[in-house]
Amino acid sequence: DLLVVGSANADLVVGVERRPAPGETVLGSDLAVHPGGKGGNQAVAAARLGARTALLARVGDDAHGRLLLESQRAAGVDTTGVLVGGAPTGVALITVDPSGDNSIVVSPGANARLAPEDIRAAGALLGAARVVSVQLEIPLETVAEVAGAMSPGTRLVLNPSPPAPLPAHVLAVCDPLVVNEHEARSMLGGAAGATPEEWARALLGLGPRSVVVTLGAAGALVADTRGGDAVRVPSPQVEAVDTTGAGDAFTAALAWRLGRGEGLAEAAAFAVRVGAAAVTRRGAQASFPTAEEVPVGGVP
Ligand code: ADP
């Protein structure tokens, strides 16, 4: 039902007392290796909810690539579309200091080699999907190829992360464009406006068919060119422990429910519950809930 096209990374995490200055060496904690990347995260989040999910991505022919494939399969993701080789698996080198602040170097590796011809060669996977979810941790021309491959029966969900200017023909098929506050401001530049309702209106002006703005603990706002005002979708109130991956869990849940025929506000009402569940546990993929673990909706 859901095809995720995107990045898969190994997150290599070390705790440090302080960051090294240029030319300096510091000792850190034991290394922790976690499966990550926005594409990989979204695929795992959807599959864990029970969605029939496939991932189209590229990893290296190396230990990290095998780890990522294994974590996808363990979650129940169809990995026949995961290509192997061409460059080392993408990694994020992450140091965490005692205050919890991250410093991150990303080596895109194989993600940067997921090419338009890889999309053209995956016609069967694209043809079988009701909804395709894509982010920007793969080359923009590959994203454009995905957008151009949408048939009338397929819906494209696009999260512009990391933010980058998108060509009009890509924006025109986004249904919805899903942004957090940072991505909204970045897409709009100085023209952002003061309220999420104003951002949503301005984002619709860029050409997508619909827009979803996620607002952290405040939930989300949905807006559709097909009518009506923007609608606020509140999130359940939870004890937030770690917000890593919350946006990926939200977007995966939203895309899956849209593919099942739900309306935008209805799908977002489910997605905020999935996002809220994801912030109650540490980690990215490790924090994603099963269907039974999704809290009931509504704000007390
Ligand atoms: P991102 O993770 O991309 O920065 P947000 O912070 O907007 O995106 O979070 C995405 C979704 O996760 C929100 O729409 C909401 O459903 C949920 N969420 C995030 N932070 C919280 C929180 N503190 N309490 C409850 N839900 C949250």
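Being a predicted model, the structure only gives us computed values, none of them experimental. (Residues numbered from 1 in each chain as written. Predicted model: local features only at pLDDT ≥ 70, side-chain atom pairs only at ≥ 80, totals over all residues.)

## Some remarks on the nonpolar core
Stated formally: The nonpolar core is taken to be a set of buried Ala, Val, Leu, Ile, Met, Phe, Trp, Tyr and Cys residues joined by way of C-beta atoms within 7 Å. Three exposure classes are used, based on other C-beta atoms lying within 10 Å of a residue's own C-beta, which is placed from the backbone: buried for 20 or more, exposed for 12 or fewer, and partly exposed in between. Here a helix means four or more residues in a row that DSSP labels H or I, a strand means two or more in a row labelled E, and each is numbered from the N terminus. The contact rule is simple: place each C-beta atom from the backbone, and if two of them lie within 7 Å, those residues are in contact.
Ranked by size, the top nonpolar core spans 85 residues in total, and within it Ala253, Leu254, Ala268 and Val274 carry the most contacts. Looking at this core element by element, the count peaks at 11 residues for helix α10 (residues 264-278). With residues near it in sequence (within four places) discarded, Ala253 still touches Ala45, Leu49, Phe270, Ala271 and Val274.

## A short note on the site of the ligand
To be explicit about the condition: Only the C-beta atom, placed from the backbone, is used; a residue is near a molecule or strand if that atom lies within 6 Å of it.
As a structural note, the neighbourhood of the ligand is formed by 18 residues, with Thr214, Ala217, Ala246, Gly247 and Gly275 the closest of them. Mapped by element, the contributors of at least two residues to the shell around the ligand are α9 (246-259) and α10.

## Some words on the sheet that holds strand β6 (residues 90-96)
Applicable threshold: Note on pairing: DSSP must find at least two bridges between two strands before they are called paired. Axis lines are fitted to C-alpha atoms, over the contacting stretch for helices. Their N-to-C directions set the angle, which ranges from 0 to 180 degrees.
The four strands are arranged β3-β2-β6-β7 in an open sheet whose pairing can be described as mixed. Only two strands of the sheet have a single partner each, and these edge strands are β3 (32-36) and β7 (102-107). Neighbour-to-neighbour, the strand axes of the sheet open up by a mean angle of 20 degrees, direction not taken into account. Pairing between strand β2 (residues 9-15) and β3: five bridges, direction antiparallel. Note on β3: the bridge partner recorded for Asp11 is His34. The sheet strands contacting helix α2 (residues 63-75) are β2, β3 and β6, and the helix crosses β3 at an angle near 60 degrees.

## A closer look at the UniProt feature "active site" (unreviewed entry) in the protein
What counts, and what does not: UniProt positions are given in the numbering used here, feature names are shortened, and annotations may be inferred rather than shown by experiment.
In the UniProt entry, the feature "active site" (unreviewed entry) is given for Asp248. Mapped onto the secondary structure, Asp248 falls in helix α9. Leave out the neighbours within four places in its chain, and Asp248 touches Lys38, Asn41, Gln42, Ala45 and Ala284.

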